[in-house]
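Single-letter residue listing:
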Amino acid sequence: MLQPPCDLLLRHGRLLTCNSLIEEVDVAIRAGRFIAVAPTLDLPTDQELDLAGQFVSSPFVESHIHLDSALTAGEPRWNQSGTLFEGIEIWRDRKQHLTLDDVQTRALATLKQQAMQGVLFVRSHADVSEPSLTALRGLLAVREQVKDWMTLQVVAFPQDGIYGNPQNETLLEEALKLGADGVGGIPHYELTREDGVRSVQRVFELAHQYGCFIDLHCDEIDDDQSRFLEVVAACAIRSGLGARVTASHTTAFGSYNNAYAQKLMGFLSRSQINFVSNPLINITLQGRADTYPKRRGITRVKELWQQGLNVSLGHDCIQDPWYSLGTGNMLDVAHMAVHVCQMTGLDEINACYDMVTVNGAKTLNVVHDYGIEVGKPANLIVLEANDRFDSIRRRAPIRYVISQGKVLTGV
Ligand code: FE2
């Protein structure tokens, strides 16, 4: 029987198999989905690309970014101390002047920049601490605008704490009613330890009530007494939400004493929550109160990975009050993780690549639509590289980005 032509046939790509071997394959796409992946395909096609042995990968996943503050570095002033807390102060001033157009223009520009670097799945936090909820409304509109080429999740993030101001709790719930995908928190920035615990418990209640996932900024500080991760783990164990829960940053985990860390690790295994580390920003924001020796200020990425927990990596910030650098390139993030987390064994370097691809898909809970397999949406990238190690070492250029079966040449 005569088969209809496929829309796109990719020839001679180097694909990572499920048992971590590299195999040369052809990939056929029709109607936005993979229809065949095999060493040699003989199919009629409308368009053919010879990949000449370049590395074919599932797209990058940005597990943690703030699109509402992206591209605002220096507005209204530069973060001179380089601390998280000066960043929060500067953003508090900048966000008084947000408009929908301002948020949407910057978010869209950032997403385009990310997409052209192979990022097709993004989880963004939206600050819901200002009464108009402009940041959230703007990102929800952008989520709709980009859906044909980018999967965007928006987390309602109470940057100033849920209990820091009387209206913040109401604003957070209002954000969920407006359609945020996830609920966030910042327990270490609540006014007291008790407020922090209460904020985590409230986030779990809201997640249950609105059926959304949880992604908390948790213990993003060098203080070894900041111990909200144990509260998150306890709530996850008791609620059974497990894989629907993400603890972002957890930088204090890098400062805990080993006896406590060891006990905590057992609870984390029971909880099965996800972790997101942001090595570019953690290495620059943390350790600022230290003289010497200076801490690295990053969570225990290697140990969490060795424990079999799901760890993914994020950029966190692109040119905003917390991090004036940043390009959206996930290979920069993985490259920094290799260094800061001392993950230099070959398996460890490859694991850092997984942390910006498949592990991110697990964090975002999009695995059903992620991966180069027959029947799944045709999302892939082609890198000018041989494999995962080579991609990270050279921060290899992206040759093609294919989103939902179409080659992105500009969005
Ligand atoms: Fe963040």
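> Please explain the coordination of the iron ion as it appears in this structure.
Around a metal, the idealised angle for a tetrahedral arrangement of four donor atoms is 109.5 degrees; for an octahedral arrangement of six donor atoms it is 90 or 180 degrees. Taken together, His64 (NE2), His66 (NE2), His217 (NE2) and Asp316 (OD) make up the protein donors of the iron ion, found 2.1 to 2.4 Å from the metal. Angles of 84 to 176° at the metal separate the four donor atoms of the iron ion, which places the site in the irregular class. Counting the intervening residues between successive donors of the iron ion yields the motif H-x1-H-x150-H-x98-D. Of the two residues, His64 and His66, neither departs from the other in class, the shared state being buried.

> Any chance you could explain the domain arrangement of the protein chain here in plain terms?
Reports of interface size often rely on the accessible area that becomes lost once the parts have come together. On domain assignment, one finds that the protein chain holds domain 1 (8-58 + 371-407) and domain 2 (60-368). Relative placement of domain 1 and domain 2: their C-alpha centres are 30 Å apart. On the side of domain 2, 24 residues touch domain 1, which itself brings 19 residues to the contact. Summing the contributions of domain 1 and of domain 2, the shared interface buries around 1700 Å²; its carbon and sulfur component is 64%. Its largest share of buried area at the contact with domain 2, domain 1 owes to Arg388, Ile392 and Arg395, together 39% of the area lost on that side.

> Is there a simple way to think about the pattern of salt bridges in this case?
Oppositely charged side chains can pair when the atoms bearing their charge come close. On inspection of all chains with the given rule, the structure shows 23 salt bridges. Here Asp102 ties to Arg106 by a salt bridge, and the two come within 2.8 Å at their closest N and O atoms. Highlighted residues: Asp102 and Arg106, both in helix 2 (residues 100-115), separated by four residues, approximately one helical turn. The pair Asp102 / Arg106 is uniform in exposure class, with both members buried. Here Asp290 makes a salt bridge to Arg295, at a shortest N to O gap of 2.7 Å. The exposure class of Asp290 is buried, given its relative accessible area of 14%. A cluster of three or more residues bridged by salt bridges with shared partners is formed by Glu89, Arg92, Lys95, Asp127 and Asp160.

> Looking at this model, I keep getting lost on the packing of helix 2 against helix 3 (residues 134-145). Mind explaining?
Each packed pair of helices is defined by two parameters, the angle between the axes and the distance between the axes. Two elements in contact, helix 2 and helix 3, have axes whose closest approach is 8 Å; the angle formed by their N-to-C orientations is 45°. Considering the angle they form, helix 2 stands oblique to helix 3. Crossing of helix 2 against helix 3: the hand is right-handed. Each of Leu100, Val103, Gln104, Ala107, Leu108 and Leu111 in helix 2 lies in contact with helix 3, whose residues at this interface are Thr134, Ala135, Arg137, Gly138, Leu139, Ala141, Val142 and Gln145.

Cut-offs used in this document
- Residues numbered from 1 in each chain as written.
- Predicted model: local features only at pLDDT ≥ 70, side-chain atom pairs only at ≥ 80, totals over all residues.
- Heavy atoms only, no water.
- Donors = N, O, S within 2.8 Å, 3.2 Å for Na, K, Ca; no water.
- Tetrahedral: all angles 85-135°; square planar, octahedral: opposite > 155°, others 65-115°.
- Buried < 20%, exposed > 50% of the residue type's maximum accessible area, 1.4 Å probe, protein only.
- Domains from an automatic or database assignment.
- Contact = heavy atoms within 4.5 Å.
- Buried area = accessible area lost by both parts, 1.4 Å probe.
- Salt bridge = Lys/Arg side-chain N within 4 Å of Asp/Glu carboxyl O.
- Helix = DSSP H or I, 4+ residues; strand = E, 2+ residues; numbered from the N terminus.
- Axes fitted to C-alpha atoms, helices over the stretch in contact; angles between N-to-C directions.
- Parallel < 35°, antiparallel > 145°, perpendicular 65-115°, else oblique.
- Left-handed = near helix turned anticlockwise from the far one by under 90°.

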